[in-house]
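What follows is each chain in one-letter form.
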Amino acid sequence: MTGRVERAGVTWLEYAYGPDLVPDGPPDPSGMWRYRDLLPLDPGPVRYPLPVGGTPLLAAPALRAALGLPAVWLKDETRHPTGSNKDRATALVIEDGLRRGIGTVTTASTGNAAVATAFGAAAAGLRAVIFVSTGCRREKLALMTRAGARVFAVPDGYAAAVDLSRTAAAAFGWLDRNTGVVPATLEAKKTVAFEVWEQLGRELPDVVVAPVGDGPTLVALGKGFEELRRCGLTERVPRLVGVQAQSCSPLVRAWLGEPAATEQLDPGGTVADGIAVLRPATGPAVLDAVGRSGGGMVAVPDDVLRRAVGTLASRAGVPAEPAGAASLAAVGAALDGGLLDAAETVVLLVTGRGVAPTGDPGGPAEVPVAATLDDVERALAPR
Ligand SMILES: *Cc1c(COP(=O)(O)O)cnc(C)c1O
């Protein structure tokens with residue numbers, strides 16, 4: 001790493017770019033750490049114990065036939081240990097904590113970042129202290145508590161949960177894994193771009209479609225592709241298409257230059273809980289990345305999201321949750337809107353796995369409520 005610049009409200013780490021920063025050998029089992037020369041990581045062995053990155057890029061022949069898109073690919077992030085792309089960011093933050101000897105990691109989350117943090121911390125021997133909004137899905141809460149995390153429900157919603165988590169991190173010296181505000185979360189998620197490029201034979205697709213919640217997934221894709229260009233490995237970068245659920249689509253409205261109606265700003269109004277974010281942490285950076293790439297933003301209604309979950313299962317064998325299927329859900333609108341052409345090479349990022357109904361209730365889904373730092377301190381005090 002050689003420096004940091006602010007760009008559209010996010011911290012952009014920079015490196016001494018050159019072709020040698022990306023390995024050119026055959027695939028190896030190191031996953032995301034294959035790109036460690038483009039990560040903020042000092043030399044030394046990686047201690048994070050779970051596998052992360054190196055997810056498959058699927059050709060999905062039956063899906064290609066069904067959609068009439070002969071060159072569509074699925075980047076299957078559901079294969080991660082906790083089933084979402086959140087494992088990438090979690091791994092890099094916890095690796096940093098292991099190196100610095102920090103014993104507690106905290107995050108706020110709509111669900112998946114918290115599950116990733118709970119399991120990653122459990123594997124690494126750290127304590128996880130997690131803040132969710134009271135609307136968090138019970139299956140996801142049960143996963144977190146089963147992994148031994150301390151979980152608090154914050155009455156005033158996700159934004160208040162982020163504030164409380166960050167305040168606690170600063171007050172108690174905990175590791176902060178809050179998405180978008182911590183550069184490591186972008187740095188880790190950008191490795192998807194490197195993988196896609198390598199998996200297509202060191203070629204870039206024409207278009208990449210990604211769901212947008214807080215925005216780091218898409219912003220990081222843009223950063224990864226741009227870094228390949230700055231390394232001299234490609235001349236052009238793909239167009240980026242960002243997808244939100246219609247009932248929580250603040251960035252689609254901003255992209256279109258339209259004021260958002262109340263029914264377009266309702267995080268509880270969509271099945272896609274993983275992307276239901278009212279005030280995205282990296283909103284301006286999303287619009288900047290989409291604009292620079294020549295792409296666009298698309299909103300999809302819940303019935304189309306649900307259908308996309310079914311299509312991914314029945315035509316591609318990929319078990320997505322609604323937020324994870326948003327890229328596929330957006331294909332029709334993107335074709336209609338001229339954002340992509342049926343003959344182009346298109347990568348759909350499938351970001352998260354449906355929580356499997358195992359019949360096992362997991363850990364308790366009842367968690368204490370915390371509104372202030374005092375509530376947190378009292379609950380965590382040894383009795
Ligand atoms: C978090 C999440 C997203 C969106 O990621 P952001 O980086 O917050 O935009 C998309 N899909 C799933 C399944 C997620 O968990």
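Residues numbered from 1 in each chain as written. Predicted model: local features only at pLDDT ≥ 70, side-chain atom pairs only at ≥ 80, totals over all residues. Heavy atoms only, no water.

A. The sheet that holds strand β7 (residues 150–154), seen in detail. Taken together, 4 strands build an open sheet; the order of strands is β7-β6-β5-β8 and the sheet is parallel. Across the chains shown, the open sheet's two edge strands, defined by having one partner strand only, are β7 and β8 (175–176). Looking at chain direction, strand β5 (residues 104–109) and strand β6 (residues 127–133) are connected through 6 bridges and run parallel. Note that in β6 the partner of alanine 108 across the bridge is phenylalanine 131. (Pairing = 2+ DSSP bridges. Helix = DSSP H or I, 4+ residues; strand = E, 2+ residues; numbered from the N terminus.)

B. Representation of empty space enclosed by the protein in the model. This structure, assessed with the given rule, holds 2 cavities of 30 Å³ or more. The calculated volume of the largest cavity comes to roughly 260 Å³. Going through the elements one at a time, β5, α3 (112–124) and α8 (216–230) are the ones with two or more residues in the lining of the largest cavity. Taken together, the residues of the lining of the largest cavity break down into 9 nonpolar, 13 polar and 4 charged. Within this model, the second largest cavity holds a volume of roughly 40 Å³. Around the second largest cavity, the lining residues are Glu77, Asn85, Lys189, Val192, Thr217, Leu221 and Leu349. Residues of the lining of the second largest cavity, tallied by class, amount to 3 nonpolar, 2 polar and 2 charged. (1 Å grid on protein atoms, 1.4 Å probe; cavity = no way out; pocket = protein on both sides within 12 Å on 5 of 7 lines; lining within 4 Å. Points joined across faces, edges and corners; volume = space filled by probe spheres on them. Nonpolar A, V, L, I, M, F, W, Y, C, P; charged D, E, K, R; others polar.)

C. Structural detail: the site of the ligand. In the region of the ligand, 17 residues are neighbours, and Lys86, Asn112, Gly215, Thr217 and Thr351 sit closest. Between an oxygen atom of the ligand and a main-chain N or O atom of glycine 215, the distance comes to 2.7 Å. Here the ligand loses 98% of its free accessible area of 380 Å² to cover by the protein chains. Of the pockets mapped on this structure, the ligand occupies the largest cavity. Broken down by class, the residue content of the shell around the ligand amounts to 5 nonpolar, 8 polar and 4 charged. (Near = heavy atom within 4 Å. Polar contact = N/O pair within 3.5 Å; in protein donor to acceptor, adjacent residues only side chain to side chain. Areas by Shrake-Rupley, 256 points an atom, 1.4 Å probe, with all protein chains shown as cover. Sits in = over half its atoms within 2 Å of the grid points.)

D. Representation of helix α4 (residues 138–146). Every buried residue of α4 is accounted for by Lys140, Leu141, Ala142, Leu143, Met144 and Thr145. At its buried positions, α4 is contacted by α3, β6 and β7. One or two positions beyond α4, positive phi appears at glycine 148, with a value near 90 degrees. (Buried < 20%, exposed > 50% of the residue type's maximum accessible area, 1.4 Å probe, protein only. Contact = heavy atoms within 4.5 Å.)

E. Structural detail: the UniProt feature "domain: Tryptophan synthase beta chain-like PALP" (unreviewed entry) in the protein. UniProt's entry tags residues 51–352 with the feature "domain: Tryptophan synthase beta chain-like PALP" (unreviewed entry), counted in the numbering of this structure. Structurally, residues 51–352 is divided into 44% helix and 16% strand, and its ends, taken at the C-alpha atoms, are 16 Å apart. (UniProt positions renumbered as here; feature names shortened; annotations may be inferred.)

F. Spatial organisation of the packing of helix α5 (residues 158–172) against helix α14 (residues 373–380). In the contact formed by α5 and α14, the axes pass within 10 Å of each other and the chain directions differ by 65 degrees. The chirality of how α5 crosses α14 is right-handed. Judged by residue contacts, Leu164, Thr167, Ala168, Ala171 and Phe172 of α5 engage Leu373, Val376 and Glu377 from α14. Per-class residue counts for the contact of α5 with α14 are 6 nonpolar, 1 polar and 1 charged. (Axes fitted to C-alpha atoms, helices over the stretch in contact; angles between N-to-C directions. Left-handed = near helix turned anticlockwise from the far one by under 90°.)

G. Representation of the sheet that holds strand β11 (residues 296–300) in the model. Taken together, the 6 strands give an open sheet; going across it, the order is β3-β4-β12-β9-β10-β11, and neighbouring strands pair in mixed fashion. Each edge of the open sheet carries a strand with a single partner, namely β3 (57–58) and β11. Strand direction decides the pairing type here: β3 and strand β4 (residues 72–76), joined by 2 bridges, are antiparallel. Across the sheet, the residue bridging to leucine 58 is leucine 74, located in β4.

H. Structural view of the pattern of salt bridges. Applying the stated criterion across every chain yields a total of 24 salt bridges. For the salt bridge of glutamate 227 with lysine 190, the shortest nitrogen-to-oxygen distance reads 2.9 Å. With glutamate 227 in helix α8 and lysine 190 in the loop between α6 (183–189) and α7 (191–199), this pair connects stretches of sequence that are 37 residues apart. Like lysine 190, glutamate 227 is buried. A salt bridge links lysine 223 to glutamate 227; its shortest N-O distance comes to 2.8 Å. In this pair, lysine 223 and glutamate 227 both sit in helix α8, 4 residues apart, roughly one turn of the helix. For the pair shown, lysine 223 and glutamate 227 are each scored as buried. (Salt bridge = Lys/Arg side-chain N within 4 Å of Asp/Glu carboxyl O.)

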